[in-house]
Amino acid sequence: MFNKETSTINMESVTTITFYIARHGKTLMNTLDRVQGWCDSPLTKEGIEVAEFLGLGLQNIHFESVYTSDLRRTRQTAEIILKKQGQVDLPITEIFGFREACFGSYESDSNLRMWKDASLYLQYERQEDMYKDVFEGKISSAEILDAITKLDQLEMAENFHQLETRTQNALFDIAQKELGKGKNTNILIVAHGMSIIGMLLNLGARKYLRSPLVNASVCKVLYKNGEFEVVSMGDTTYVEKGKNINQKEK
């Protein structure tokens, strides 16, 4: 996790950064219900469409910068968003730190098998009971990811601490860079379901996380005076707004 004591930011600054952190659009491996961490696949027709809706829904927001992970599904999503949002020429910066969690030997395997193995490791007879307990706050996403790490036969899977550290460090580095510009600003980040949870869970997202982050949903985070504030998680209203705009334009 990042260490605020090493920050060079003026903690008295009144500048506010608003991060719009979106999950990428639906991909081929999402459709096939395959584990997609460091493995990658392109957006499907449905994934492209939902990214277009998100872009339309964000038309009234001007972004100063755009960041994605270094996996193509996030960059492809960002390019589609910007085209529909109206800032098609805005450069996109790829950041390894925003990459999805590595699931080791489970990569490209069936999601059913991985989550079943994790649930049994955590002594649940049914996966559904594990999911229910996660979103009721009885166990955390961290415990599940750590279980997968221990089950990984290749010893490559990341535990929650590793995921949290690299994603939060990436977010904090961007906050320092953008805050140095000395003005209130909006930043778009396109990342992944588990990487977003790892990034935000202990920054205040825990109280908002009541269901999985769906494709193209948005998490809103404020950064001011050296502190992050999670405002919302998994917001799909921007996509719904985009759908309405699309209908009116037909």
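Relevant structure appears above.
Visitor: It is not clear to me how the environment of Ala101 should be interpreted in this structure. Could you clarify?
Guide: Locating Ala101 in the fold gives a position in the loop between β3 (92–94) and α4 (111–121). In this structure the C-alpha to C-alpha distance between Ala101 and Leu145, which are 44 residues apart in sequence, comes to 8.9 Å. Not counting chain neighbours up to four residues away, the residues in contact with Ala101 comprise Gly37, Trp38, Glu107, Leu145, Glu158, Leu163, Arg166 and Met194.

Visitor: Explain unusual backbone geometry to me, please; I cannot follow it from the model alone.
Guide: It is generally the case that most residues other than glycine have a negative phi and that most peptide bonds are trans. Phi is positive for Ser108, close to 70°, though the residue is something other than glycine. Residue placement: Ser108 occurs in the loop between β3 and α4.

Visitor: Mind showing me how you'd approach the packing of α4 against helix α5 (residues 127–135) here?
Guide: Two numbers describe a pair of packed helices, the interaxial angle and the distance between the axes. At a closest axis distance of 9 Å, the pairing of α4 and α5 adopts a crossing angle of 75°. With respect to α5, the axis of α4 lies roughly perpendicular. Contacts from Leu112, Trp115, Lys116, Ala118 and Ser119 of α4 reach α5 at Gln127, Met130 and Tyr131. Grouping the constituent residues of the contact of α4 with α5 by class yields five nonpolar, two polar and one charged.

Visitor: I keep staring at helix α2 (residues 45–57) and nothing clicks. Help me out?
Guide: Residue pairs spaced three or four apart in an α-helix point in one direction, given the helix's 3.6 residues per turn. Over its 13 residues, α2 runs 18 Å from end to end, which matches the ideal 18 Å to within 8%, given 1.5 Å per residue. Taken together, the buried positions of α2 are occupied by Gly47, Val50, Ala51, Phe53, Leu54, Gly55, Leu56 and Gly57. Of the surrounding secondary structure, the elements contacted by the buried residues of α2 are β1 (16–23), α3 (72–85), β5 (218–224) and α9 (237–249).

Visitor: So what exactly am I meant to see when it comes to the packing of helix α7 (residues 160–179) against helix α8 (residues 193–200) here?
Guide: Where α7 contacts α8, the axes come no closer than 8 Å and their chain directions differ by 80°. When the axis of α7 is compared with that of α8, the two are roughly perpendicular. Along its contact with α7, which presents Phe160, Leu163, Glu164, Thr167, Gln168 and Leu171, the element α8 presents Met194, Ser195, Ile197, Gly198, Met199 and Leu200. Counted by class, the contact of α7 with α8 contains seven nonpolar, four polar and one charged residues.

Visitor: In this structure, what is going on with the nonpolar core? I would like to understand it.
Guide: Nonpolar side chains in soluble globular proteins generally cluster together in the buried interior. With 47 residues, the main nonpolar core has Phe19, Ile21, Phe98, Leu171, Ile189, Leu200 and Phe228 as its most contacted residues. Broken down by element, this core gets its largest block of residues, eight residues, from α7. Residues in contact with Leu200, not counting those within four places in the same chain, are Ile21, Leu171, Ala205, Cys219, Val221, Val230 and Met233. Counting residues in each nonpolar core, the second largest holds 20 residues, with Tyr20, Leu90, Ala216 and Val239 among its members.

Visitor: Is there a simple way to think about the side chain of Arg23 in this case?
Guide: Checked against the element boundaries, Arg23 lands in strand β1. Despite its burial, Arg23 remains without a salt bridge, the nearest opposite charge being carried by Glu100 at 6.1 Å. Engagement of the side chain of Arg23 in a polar contact is seen with the backbone oxygen of Leu213, the distance being 2.8 Å. When residues no more than four places from it in sequence are discounted, the contact partners of Arg23 are Asn30, Val190, Ala191, His192, Gly193, Ile196, Leu213, Val214, Asn215, Ala216 and Ser217.

The rules behind these values
- Residues numbered from 1 in each chain as written.
- Predicted model: local features only at pLDDT ≥ 70, side-chain atom pairs only at ≥ 80, totals over all residues.
- Heavy atoms only, no water.
- Helix = DSSP H or I, 4+ residues; strand = E, 2+ residues; numbered from the N terminus.
- Contact = heavy atoms within 4.5 Å.
- Axes fitted to C-alpha atoms, helices over the stretch in contact; angles between N-to-C directions.
- Parallel < 35°, antiparallel > 145°, perpendicular 65-115°, else oblique.
- Nonpolar A, V, L, I, M, F, W, Y, C, P; charged D, E, K, R; others polar.
- Expected span 1.5 Å × (residues − 1).
- Buried < 20%, exposed > 50% of the residue type's maximum accessible area, 1.4 Å probe, protein only.
- Core = buried A, V, L, I, M, F, W, Y, C linked by side-chain atoms within 4.5 Å.
- Lys, Arg positive; Asp, Glu negative; His and termini not counted.
- Salt bridge = Lys/Arg side-chain N within 4 Å of Asp/Glu carboxyl O.
- Polar contact = N/O pair within 3.5 Å; in protein donor to acceptor, adjacent residues only side chain to side chain.

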